[in-house]
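# Residue-level structural notes
Chain by chain, the residues run as shown.
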2 protein chains.
Amino acid sequence: MLRSDSSIGQARAAVADKREAILRAAIKVFAQKGYFNSKVADIAKEAGIADGTVYLYFKSKEEILHSVFDRAMEEFIAEGKREIAEIEEADKRLQRIAQLHLEKLGADRDLAIVFQVELRGSTKFMEEFSGGGFAEYLEIIQKTIQEGQKTGVFRKDLRPITAAKILYGALDEMVTNWILSKRAYPLAPMADEVLKVFFGGVLQK
Amino acid sequence: MLRSDSSIGQARAAVADKREAILRAAIKVFAQKGYFNSKVADIAKEAGIADGTVYLYFKSKEEILHSVFDRAMEEFIAEGKREIAEIEEADKRLQRIAQLHLEKLGADRDLAIVFQVELRGSTKFMEEFSGGGFAEYLEIIQKTIQEGQKTGVFRKDLRPITAAKILYGALDEMVTNWILSKRAYPLAPMADEVLKVFFGGVLQK
């Protein structure tokens, strides 16, 4: 029994490893060739496996793109929730979320290209991805702003969902600029630049 | 001579009309079918002209997309410059720019789809479009912020280019949300929502 359990465990781990290898390869291929120009065969080659093997794990190139998005969002949201659970003040929680957003994408340029460019090339994709993990992310920001309004940290005359979208939009623009820039610079520190404006505004008091 | 001048004028006007008709048709086709799925023949059909006629005006589908972008940015920038030239305070100028951004795209949903989605589906496009008209737009925002810092309207501890990108990113997110929303609402009023945060910040003073 022990041996059998152990082999099932090993088999599961092998499946997870192969899925993981395919997704890693896909991120690289999509970032380099663009989603529309990428073929499942390119992903298989990058992952060092046979074309047919990819289809044991994913039905199509589109399913691979969805899995790339879902997996990255799940990881990001799980880590974000874990971290902010330990922070009391709403503004500090928001700061940590913003930092994490730029740390994650700043640590993986290929993933950032997939997120900023490849996922946005069609209204169909945009509609699919603006639901799901993305909506959950926006809701976390929104709730944090609401909580801050209750505790008196944040102004009460702002709609939390609109403020959440403004913060997201500003961070998102930092990521896109970072990808397109010819100059190499760390992305993560831009979070505090964004928060300086988002928290304090640009007007001289 | 008079008649000849007049016919040249008429011929030029006819060329401009046809170019204009092709670009209008292209915006509609790109928005509905997506750029990658659109064919020059679809654009010709929508414009009510022969396929070959399109090629008298544009070399390729890609050149049409570039012309759509260039023309819209030129119009927007010319109108923006004209309007802000008459406004003295930097914050009021910024407000007018933000309003104009959302008024323009809010008045033309197809153009907004082309701008928010179709122009962003490849790193190649993103690189091309982030130069040119887009860079000029960002520079106008940046300079307005710099001027406001000089006159004391805006805080001096912010990098103008970063603040400009934050404002742009927030407005841009409003446009994308507006396109993807199942709910119909006017886009233009969102400019003042963005400015409330951008000017004053979310922190309770």
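We now turn to the structure provided with this report. (Residues numbered from 1 in each chain as written. Chains lettered and ligands numbered in written order. Predicted model: local features only at pLDDT ≥ 70, side-chain atom pairs only at ≥ 80, totals over all residues. Heavy atoms only, no water.)

## So, the relation of the copies chain B and chain A
This is how the line gets drawn: We place the copies in one frame by least squares, fitting the C-alpha atoms of every residue whose pLDDT is at least 70 in both. Should any heavy atoms of two residues lie within 4.5 Å, those residues are counted as being in contact.
Here chain B sits on chain A after a turn of 180 degrees about the axis and a move of 0.0 Å along it, with an RMSD of 0.0 Å. The symmetry that links the two subunits is that of a two-fold axis. Counting the interface residues of chain B, we find that 100% of their copies in chain A are interface residues as well, pointing to one common contact surface.

## A look at helix H6 (residues 109–116) of chain B
We apply this condition: Exposed residues in this analysis have more than 50% of their type's maximum accessible area, buried residues have under 20%, and partly exposed residues fall in between, with area computed by a 1.4 Å probe over protein chains only. Numbering of helices and strands starts at the N terminus; helices are DSSP runs of H or I of at least 4 residues and strands are runs of E of at least 2.
Burial runs high along H6(B): 6 of the 8 residues are buried. Taken together, the buried positions of H6(B) are occupied by B:Leu111, B:Ala112, B:Ile113, B:Val114, B:Phe115 and B:Gln116.

## What to know about the interface of chain B and chain A
Size of an interface: often given as the accessible area lost when the parts come together. The test is simple: Two parts placed together each lose some accessible area under a 1.4 Å probe, and the buried area is that loss summed for both. A pairing counts as a salt bridge when a side-chain nitrogen of Lys or Arg comes within 4 Å of a carboxyl oxygen of Asp or Glu. Within 3.5 Å is the distance limit for a polar contact, defined as a pair of N or O atoms, with the added protein rule that one can donate a hydrogen and the other accept it, and that residues adjacent in sequence qualify only through two side-chain atoms.
Chain B puts 45 residues into the contact, and the matching count from chain A is 45 residues. With both sides pooled, the region where chain B packs onto chain A buries about 4300 Å², and carbon together with sulfur makes up 66% of that total. At the junction of chain B and chain A, the tally comes to 0 salt bridges. Where chain B meets chain A, there are 18 residue pairs in polar contact (both at pLDDT 80 or more).

## What to know about the environment of A:Glu173
Tracing the chain through its elements places A:Glu173 in helix H9 (residues 160–180). What makes A:Glu173 buried here is its relative accessible area of 8%. Discounting chain neighbours no more than four positions away, the residues touching A:Glu173 are B:Phe134, B:Lys165, B:Tyr168 and B:Gly169.

## Description of the pattern of salt bridges
Scanning the model with the defined rule gives 28 salt bridges over all chains in all. In this structure, B:Glu46 engages B:Lys28 in a salt bridge whose closest nitrogen and oxygen atoms are separated by 3.3 Å. Separated by 18 residues along the polypeptide, B:Glu46 in helix H2 (residues 40–47) and B:Lys28 in helix H1 (residues 2–33) bring together distant segments of the chain. Relative accessible area serves as the criterion here: at 37%, B:Glu46 is assigned to the partly exposed category. Through salt bridges that share partners, A:Glu62, A:Lys124 and A:Glu128 make up one connected network.

That's the geometry; what it means functionally is another story.
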